[in-house]
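Examination of the molecular architecture
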Amino acid sequence: MADNNSDAFKKGKDALKKIGLLILSFAVIFGLFRLILALSEQYRAPWLYYIGVTLYAVGGIAAFIAYFILNGFSFSSEERTRDELPDKWTEDEKDAFLARQPENKRKAKKLIYIILPLILTAAVSYIELYLIK
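Because the structure is a prediction, the values reported are computed rather than measured.

Calculation criteria
- Residues numbered from 1 in each chain as written.
- Predicted model: local features only at pLDDT ≥ 70, side-chain atom pairs only at ≥ 80, totals over all residues.
- Heavy atoms only, no water.
- Helix = DSSP H or I, 4+ residues; strand = E, 2+ residues; numbered from the N terminus.
- Rg over C-alpha atoms; globule rule 2.2 N^0.38 Å.
- Core = buried A, V, L, I, M, F, W, Y, C linked by side-chain atoms within 4.5 Å.
- Buried < 20%, exposed > 50% of the residue type's maximum accessible area, 1.4 Å probe, protein only.
- Contact = heavy atoms within 4.5 Å.
- Expected span 1.5 Å × (residues − 1).
- Bend = angle between axes of the 7 residues up to and from the residue.

1. A word on the overall build of the protein chain
Along its length, the protein chain carries 3 helices and 0 strands. Going from N to C terminus, the protein chain has its helices and strands arranged as α-α-α. In terms of C-alpha radius of gyration, the protein chain reaches 20 Å, well past the compact-globule figure of 14 Å for 133 residues. Oriented by its inertia axes, the alpha-carbon framework of the protein chain measures out at about 60 × 50 × 25 Å.

Here it is in structure tokens:
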């Protein structure tokens, strides 16, 4: 019974840690975005805004592509099997891919802490621009 409580406590603690990391990541990304907006308004330099938004977009796209590639060219959380791999791959290539797959999926999960805050920042910016005015 004590093991179940400690397992539940550990899972809860891990979940809170992940939520905290997401909130912190959002605060940093959103704060930097707001800083870019403020600086472009203060110095009346729209080019600063365009460069900042372009960098955010390029960073988001790069993180999304990296997530897709590291996740085994899919959005599924399940690992790919040997049968799902391309037939033109040699057995050595398939073995190497399957051996790297668990580590690559762990790396891909970490990219979520960048992708989600970027999406949320874009959504908040859109709402501010077009709905609140």
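Next, the rest of the story.
2. Looking at the nonpolar core
Counting 6 residues, the largest nonpolar core is built from Ile-29, Phe-33, Ile-36, Leu-37, Tyr-56 and Leu-118. For this core, the element with the most residues is helix α1 (residues 2-42), which contributes 4 residues. When residues no more than four places from it in sequence are discounted, the contact partners of Ile-29 are Tyr-56, Ile-114, Pro-117, Leu-118 and Thr-121. Membership of the second largest hydrophobic core comes to 5 residues, among which are Ala-63, Tyr-67, Ala-108 and Ile-115.

3. What about helix α3 (residues 91-132)?
Here α3 spans 57 Å end to end across 42 residues, near enough to the 62 Å set by a 1.5 Å rise per residue. The largest bend along α3 measures about 45° and falls at Gln-101, with the proline Pro-102 one to four residues further on.

4. Focus on the side chain of Ser-25
Structurally, Ser-25 is set in helix α1. Those residues within four positions of Ser-25 in sequence are excluded, and the remaining contacts are Tyr-113 and Pro-117.

5. Here's the deal with helix α2 (residues 46-70)
Here α2 spans 36 Å end to end across 25 residues, near enough to the 36 Å set by a 1.5 Å rise per residue. Taken together, the buried positions of α2 are Gly-52, Tyr-56, Gly-60, Ala-63 and Tyr-67. Phi turns positive, to about 85°, at Gly-72, one or two residues after α2.

6. Description of the environment of Val-124
Among the secondary structure elements, Val-124 is positioned in helix α3. When its relative accessible area of 24% is taken as the criterion, Val-124 is described as partly exposed. Sequence spacing of Val-124 and Phe-30 is 94 residues, and the spatial spacing of their C-alpha atoms is 9.1 Å.

Taken by themselves, the reported measurements are silent on function.
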